[in-house]
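# Descriptive structure summary
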Amino acid sequence: MPFNSTITKLLNEAAQVNDAAFDKNLAALKALIADPSAEDQLRFIIFSSGGLGHQSTAANIIYRMVALGLKGMFEVIYFDNDIAKIAILFPQFDPNDPSEPVVMGDASFIFVSESRFRGAVQPIYKIGITGGADGVEDNIAEYFYVQYLLILQPYQWKLASSLIQTASKIPKLNTSLDSSDALSPLSFAKRGYYIADPVMDATNINFFKASEYADKYPIYNQITTSLLAKKTNMMPVYGIDSLSFQSINTATVLFNLAAAVAMAQDKTDKVGGQVKGTVMVIISTLSAEIYNDFTTLVDGTNENLENNPLKGWIVKNKLPARIKTYNYNDAALPDAITALEGKPNNIVVVKMGSLPLYAFNYLYFIADIPPVFEGAATNSLILNFGKDYLALTSQLNDSFTLYPTLPLNAMNAGENAEAMKEVSKIIGSTLLDWKRDLEDGSYDVPSEILAFAILIAFEAPDTSAQIYFRSLRAFFHNQREDKMLMGVFYLLQYLKNK
């Protein structure tokens, strides 16, 4: 048999063995979580973090368990100061009556605050699962009365490793998933979570209308309806309030993005006229001062524009007439979006603020202008979609691989991954950067470079960038590469050998 044929045969046989092992492990997990005794053996914990990273990762694990057939009544322990975040993540959760069970599929969940949990004698459970925790040098398993705690850190989280922690006080019994034989040589930190494609079905719409965000639903519905009808484009923006550039403010970042969309509109002939009037949905909660600074930048009246050729560039490109900003509940906003459908060179910026998790995910899933975000949890979400995106570099993720190269153990970054990483840094361009580029004349200004990145989303499917982003979906939107399943499978094997 020729050597190449032998290799192909071996690879095919290895794939069949791996598939069989996965199916066997998945069947064992489904049997475990459908067993009535699991109620008294499994406890979920949601740790606190500055954003929503740990909380949303833990929520995704719970949703995945429900989708896999979890049955029974389970405890979810959360930290007291996160009650508002829990309401964002779980639409049935009532912060005014947190003890009311939340029903999802065949499972019910009792949410218990950490202070109430620790204030009473608790039974010791076999397994605890959490979606992220800092301070893992402490014995968290013992603190939450579980014999074994599976800590699945968010995608690319480098402050602490994912690990299995035992209730024993002997540190050497903690098993790091990053160094486990079963997962070497691929770092577990590089693994993402499988996330089902978001939907905005009748159930979620009813949740939205009954939530504290109910007054945002009408404009949310108008924005998504216009987008899906291909009458407008839409770019969601989240996380710009978390940026930590030393010489830049948030208003400038917002200006860079809006100006980039305007330049993409001017270059729409390169992609068959697909870039139209655009709604920018700002999901971050920004201060009135930031929006005022943004407006004065767009209008060219900001005092920091004096002696900067950017002021003339703004007038030349007619930004004051093209970019308008509204609060989500402004009476004039619905008409402005309707009018946008006939104005392919205009942009409506919507100060939306926070949204429920399912509404947030759906907005990012259907966006046709590359969505903008900062955060490990959102990065993991976007990798499931296979679309062009713009990842913001912040103090927390400046060492992350925001644009992965496949395979995960590749020694060097791929061409498309490296190019997108460099382009994403342009979002943080300062007014001094604009001044330098405009005075030099040999450089494209920041918005020109970002505009070409936006146009990638409208390129033909056979272009290298489109193929790159689709390859990310093929890998990360695959249950066999799901970080949660891999971690749970490893825990079950760990327990089997105890």
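Each remark here, short or long, concerns the structure printed above.
Bear in mind that the values here come from a model prediction, so they are computed numbers and not experimental data. (Residues numbered from 1 in each chain as written. Predicted model: local features only at pLDDT ≥ 70, side-chain atom pairs only at ≥ 80, totals over all residues. Heavy atoms only, no water.)

## Notes on the overall build of the chain
The helix and strand tally for the chain stands at 19 helices and 14 strands. The C-alpha radius of gyration of the chain comes to 24 Å, within 12% of the 23 Å expected for a compact globule of 498 residues. C-alpha atoms of the chain, sized along the principal axes, occupy 70 × 70 × 40 Å. At a minimum sequence separation of 6, the contacts of the chain that also span at least 24 residues come to 71%. (Helix = DSSP H or I, 4+ residues; strand = E, 2+ residues; numbered from the N terminus. Rg over C-alpha atoms; globule rule 2.2 N^0.38 Å. Contact = heavy atoms within 4.5 Å.)

## Digging into the pairing of strand 6 (residues 146-151)
Among the six residues of strand 6, five are classified as buried, and the element is accordingly described as predominantly covered. Judged from the five bridges that link them, strand 5 (residues 125-130) and strand 6 form a sheet pairing that is parallel. Opposite Ile129, over in strand 6, you have Leu150 as the bridge partner. (Buried < 20%, exposed > 50% of the residue type's maximum accessible area, 1.4 Å probe, protein only. Pairing = 2+ DSSP bridges.)

## Details of the environment of Val315
Position of Val315 relative to the elements: it lies in helix 10 (residues 310-316). A C-alpha to C-alpha distance of 7.2 Å links Val315 and Gly300, two positions 15 residues apart in sequence.

## So, the nonpolar core
Judged by nonpolar contacts, the single largest core of 150 residues is most densely connected at Phe44, Phe90, Phe109, Phe255, Met280 and Tyr403. The biggest single contributor to this core is helix 8 (residues 250-266), with twelve residues. Sequence-distant contacts of Phe44, defined by excluding residues within four places in its chain, comprise Ile62, Met65, Leu70, Phe74, Glu75, Val76, Ile77, Phe109 and Ile129. Core analysis: the next-biggest nonpolar cluster, separate from the first, contains 16 residues, Ile45, Phe47, Phe117 and Ala160 among them. (Core = buried A, V, L, I, M, F, W, Y, C linked by side-chain atoms within 4.5 Å.)

## Here's the deal with helix 15 (residues 415-425)
Along helix 15, the residues classified as buried are Ala417, Met420, Val423 and Ser424. Mapping the buried residues of helix 15 onto a view down its axis gives an arc of 130 degrees, with all of them on the same face. Where helix 15 is buried, its residues meet strand 14 (390-391), helix 17 (446-455) and helix 18 (464-476). (Arc of directions from axis to C-beta.)

## Quick look at the packing of aromatic side chains
Under the defined criterion, the tally for this structure stands at 30 aromatic pairs. Their ring planes at 65 degrees and their centres at 5.0 Å tell us that Tyr468 and Phe469 sit as a pair that is edge-to-face. Residue class for Tyr468 comes out buried when judged on its relative accessible area of 10%. Relative to Phe476, the ring of Phe475 lies with its centre 5.0 Å away and its plane at 85 degrees, an arrangement referred to as edge-to-face. Among the aromatic residues, those joined into a cluster by ring pairs are Phe47, Phe79, Phe117, Tyr143, Phe144 and Tyr145. Looking at Arg43, its charged tip hangs above the ring of Tyr125, at a distance of 4.0 Å from the centre. Over the face of the ring belonging to Tyr328 we find Lys216, whose NZ or CZ atom lies 5.1 Å from the ring centre. (Phe/Tyr/Trp six-rings, centres within 6.5 Å; stacked < 30°, edge-to-face > 60°. Lys NZ or Arg CZ within 6 Å of the ring centre and 35° of its normal.)

## Topic: the environment of Gln265
Along the polypeptide, Gln265 turns up in helix 8. What makes Gln265 buried here is its relative accessible area of 2%. Taking the C-alpha atoms as reference points, Gln265 and Lys276, eleven residues apart in sequence, are found 6.3 Å from one another. In contact with Gln265, other than residues within four places in its own chain, are Val275, Lys276, Gly277, Thr278, Arg322, Pro344, Asn345, Asn346 and Ile347. Side-chain polar atoms of Gln265 contact the backbone oxygen of Asn346, separated by 2.9 Å. (Polar contact = N/O pair within 3.5 Å; in protein donor to acceptor, adjacent residues only side chain to side chain.)

## Side note on unusual backbone geometry
Most peptide bonds take the trans form, and the phi angle of most residues other than glycine is negative. In this model, Leu406 is joined to Pro407 through a cis peptide bond whose omega is 0 degrees. Tracing the sequence through the fold places Pro407 in the loop between strand 14 and helix 15. Here Tyr145, not a glycine, exhibits a phi torsion of approximately 55 degrees, which is positive. Within the secondary structure, Tyr145 is located in the loop between helix 5 (140-143) and strand 6. What makes Tyr145 partly exposed here is its relative accessible area of 25%. In the Ramachandran plot, Asn307 falls in the positive-phi region, its phi being about 65 degrees despite a non-glycine side chain. Its place among the elements puts Asn307 in the loop between helix 9 (288-299) and helix 10.

## Structural notes on the packing of helix 7 (residues 217-228) against helix 12 (residues 333-340)
Packing of helix 7 against helix 12 leaves a shortest axis separation of 11 Å and a crossing angle of 0 degrees. Between helix 7 and helix 12, the angle falls in the class roughly parallel. Contacts between helix 7 and helix 12 involve Ile219, Gln222 and Ile223 from the former and Leu333, Pro334, Ile337 and Thr338 from the latter. Here the contact of helix 7 with helix 12 is built from residues that sort into five nonpolar, two polar and no charged. (Axes fitted to C-alpha atoms, helices over the stretch in contact; angles between N-to-C directions. Parallel < 35°, antiparallel > 145°, perpendicular 65-115°, else oblique. Nonpolar A, V, L, I, M, F, W, Y, C, P; charged D, E, K, R; others polar.)

## Some thoughts on the side chain of Lys387
Tracing the sequence through the fold places Lys387 in the loop between helix 14 (376-383) and strand 14. The charged side chain of Lys387 is buried without a salt bridge, its nearest counter-charge being Asp368 at 7.4 Å. Filtering out sequence-adjacent residues up to four positions away, Lys387 remains in contact with Tyr364, Phe365, Ile366, Ala367, Pro371 and Phe469. (Lys, Arg positive; Asp, Glu negative; His and termini not counted. Salt bridge = Lys/Arg side-chain N within 4 Å of Asp/Glu carboxyl O.)

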